[in-house]
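The primary structure of each chain is shown beneath.
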Amino acid sequence: MKVFVSGATGFIGIQLVKRLVEEGHTVHALYRSETKAELIRQPGVELFKGDILDQSSLEDALEGCDEAYHTAAFAGVWAQDPDRIYRLNVDGAQNVIKIAGRKGVRRVVITSTAGVLGPSEKEAVHESSQAPATFFTHYEASKFRLEQELLGRIATDPEVVLVNPTRVYGPGYLSESNGVTKMIKQYVEGSWRLIPGNGKSSGNYVYVEDVVSGHLLAMEKGKPGERYVLGGENISYLQLFDYIREASGVRKRLFKVPLWIMLITARIMQVLSKITGRPPLIVPELVRKFNHNWIVSSEKAGADLGYQALDAQSGIRQTVQWIQNSQL
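Throughout what follows, the structure given in this document is the object of discussion. The model shown is predicted, which means the values in this text are computed figures rather than measured ones.

Focus: the packing of helix α1 (residues 11-22) against helix α7 (residues 208-221)
Taken N-terminus to C-terminus, the directions of α1 and α7 make an angle of 65°; their axes are 9 Å apart at the nearest point. Here α1 and α7 pass one another in a crossing that is right-handed. In this structure, α1 contributes Phe11, Ile12, Gln15, Leu16, Arg19 and Leu20 to the contact, and α7 contributes Val208, Glu209, Val211, Val212, Ser213, His215 and Leu216. Here the residues of the contact of α1 with α7 are counted per class, giving eight nonpolar, three polar and two charged.

Written out as structure tokens, the structure is:
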């Protein structure tokens, strides 16, 4: 079977391409960077240079495909032109769906984010939770806008299923969307020594191979017009670093940074970024997220798709082993 993958040179995209090839499919991989294309150049992969905002390049890449995965997105938290985030994350996805329908593709699985569910209060958020009134970043807001256009979609030309990964980590390309693994790597190497706030805020961490499996299950079993949270385990920052210490044997002292200090620093970086055009290391919107818990449930994906996820302790152990055994 021929399968289209956008964002094929991203963190999730690379692992998805590899899995599809292992299962005997021919992958039509859309890419922009020649350098990154080398990461997926292998038998079973046909490379198509293009852009999700360029419908003509999508026409070529989707030709002859039976299924499509749209993982491409602007996943950063800062852009000089915020409108570009919406063009890529909303218009780009709609372009893929439009051309896929024109080319006779049966189903498109769209990668969204669990961030659209908002922070949790007393209980875990899930697919049916009430939408938050506002979002912390343009990335989350753009993904929410896209979901509002696709959820409940009854059109079958093509069928569309959404998946919502949480904080993805694991072996793979250290892109901006693989920030958790980059942080683990920096701690193991001795260059990461910070804990945001008191370290007690919780989030959901999911191993990348489980996210890939979730995509495949959504393609096979997902209901059109619905979304499925692909999560792992809910743990605090303190618990996360306990697992990293245990797996690596590295026991560096961590310093808790008050959120008000982080917020001031982020505002200064934001001002400098407007002057220099260089992305800031951290933005105020992210700092404000540390004031909340992000506890998430993947019960629906488990019930409807048969989705299962590795526990955080095991996933982090495998990630640390990969870091220590790799020349990164």
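And the narrative resumes.
Description of the sheet that holds strand β9 (residues 202-207)
Overall, mixed pairing links the three strands, which are arranged β7-β9-β11 in an open sheet. If you trace the sheet from one side to the other, it starts and ends with β7 (167-169) and β11 (233-236), each paired once. Averaged over all pairs of adjacent strands, the angle between their axes in this sheet comes to 45°, without regard to strand direction. Docked against the sheet, helix α8 (residues 237-248) engages β7, β9 and β11, running at close to 95° with respect to β11.

What about the pattern of salt bridges?
One pass over the structure, following the stated rule, counts 14 salt bridges. Where Glu209 meets Arg19, a salt bridge forms, and the shortest distance between an N and an O atom there is 2.8 Å. Note that Glu209 is positioned in helix α7 and Arg19 in helix α1, a separation of 190 residues in sequence. Salt-bridge contacts for Arg32 lead to Asp51; the nearest nitrogen and oxygen are separated by 3.8 Å. Here the residue Arg32 occupies a position in the loop between β2 (26-31) and α2 (34-37), and Asp51 occupies one in the loop between β3 (45-49) and α3 (55-62), the gap between them amounting to 19 residues. Each of Glu59, Glu63, Arg102 and Lys103 takes part in one network of salt bridges that share partners.

Structural notes on the nonpolar core
With 32 residues, the main nonpolar core has Val5, Val17, Leu20, Val27 and Tyr69 as its most contacted residues. Elements with a minimum of two residues in this core: β1 (2-6), α1, β2, β6 (159-165), α7, β10 (227-230) and α11 (299-305). Within the second largest apolar cluster, 28 residues are counted, among which are Ala68, Phe74, Leu88 and Val90.

Re helix α6 (residues 179-189)
Taken together, the buried positions of α6 are occupied by Val180, Thr181, Met183, Ile184, Lys185, Tyr187 and Val188. Those residues of α6 hidden inside the fold are in contact with β7, β9, α8 and α12 (312-325). Following α6 by one or two positions, Gly190 has its phi on the positive side, about 95°.

Some details on the sheet that holds β1
As summarised here, the arrangement of the seven strands in space is β3-β2-β1-β4-β5-β6-β10, forming an open sheet in which the pairing is parallel. Edge positions in the sheet fall to β3 and β10, since each of these pairs with one other strand and no more. Strand-to-strand twist across the sheet, computed as the mean angle between neighbouring axes with direction ignored, equals 20°. For β1 and strand β4 (residues 67-70), the ladder comprises four bridges, and the chain directions are parallel. Within β4, the residue paired with Ser6 across the bridge is His70.

What about the pairing of β4?
One face of the sheet, then the other: side chains in a regular strand alternate in exactly this way. Judged by which residues are buried, β4 turns out to be covered on both faces: Glu67 and Tyr69 on one side and Ala68 and His70 on the other are all buried. Examined bridge by bridge, β4 and strand β5 (residues 107-111) share four bridges and lie parallel to one another. For Tyr69, the partnering residue across the bridge sits in β5 and is Val109.

A closer look at the packing of helix α4 (residues 82-102) against helix α5 (residues 138-150)
A pair of packed helices is characterised by two quantities: the angle between their axes and the separation of those axes. At their nearest, the axes of α4 and α5 sit 9 Å apart, and the two run at 30° to each other. In terms of orientation, α4 lies roughly parallel with respect to α5. Judged by the twist between their axes, the crossing of α4 over α5 is right-handed. Two secondary-structure elements touch here, α4 through Pro82, Ile85, Tyr86, Asn89, Val90, Ala93, Gln94 and Ile97 and α5 through His138, Tyr139, Ala141, Ser142, Lys143, Arg145, Leu146, Glu149 and Leu150. Split by residue class, the contact of α4 with α5 holds 10 nonpolar, four polar and three charged.

Quick notes on the rules
- Residues numbered from 1 in each chain as written.
- Predicted model: local features only at pLDDT ≥ 70, side-chain atom pairs only at ≥ 80, totals over all residues.
- Heavy atoms only, no water.
- Axes fitted to C-alpha atoms, helices over the stretch in contact; angles between N-to-C directions.
- Helix = DSSP H or I, 4+ residues; strand = E, 2+ residues; numbered from the N terminus.
- Left-handed = near helix turned anticlockwise from the far one by under 90°.
- Contact = heavy atoms within 4.5 Å.
- Nonpolar A, V, L, I, M, F, W, Y, C, P; charged D, E, K, R; others polar.
- Pairing = 2+ DSSP bridges.
- Salt bridge = Lys/Arg side-chain N within 4 Å of Asp/Glu carboxyl O.
- Core = buried A, V, L, I, M, F, W, Y, C linked by side-chain atoms within 4.5 Å.
- Buried < 20%, exposed > 50% of the residue type's maximum accessible area, 1.4 Å probe, protein only.
- Parallel < 35°, antiparallel > 145°, perpendicular 65-115°, else oblique.

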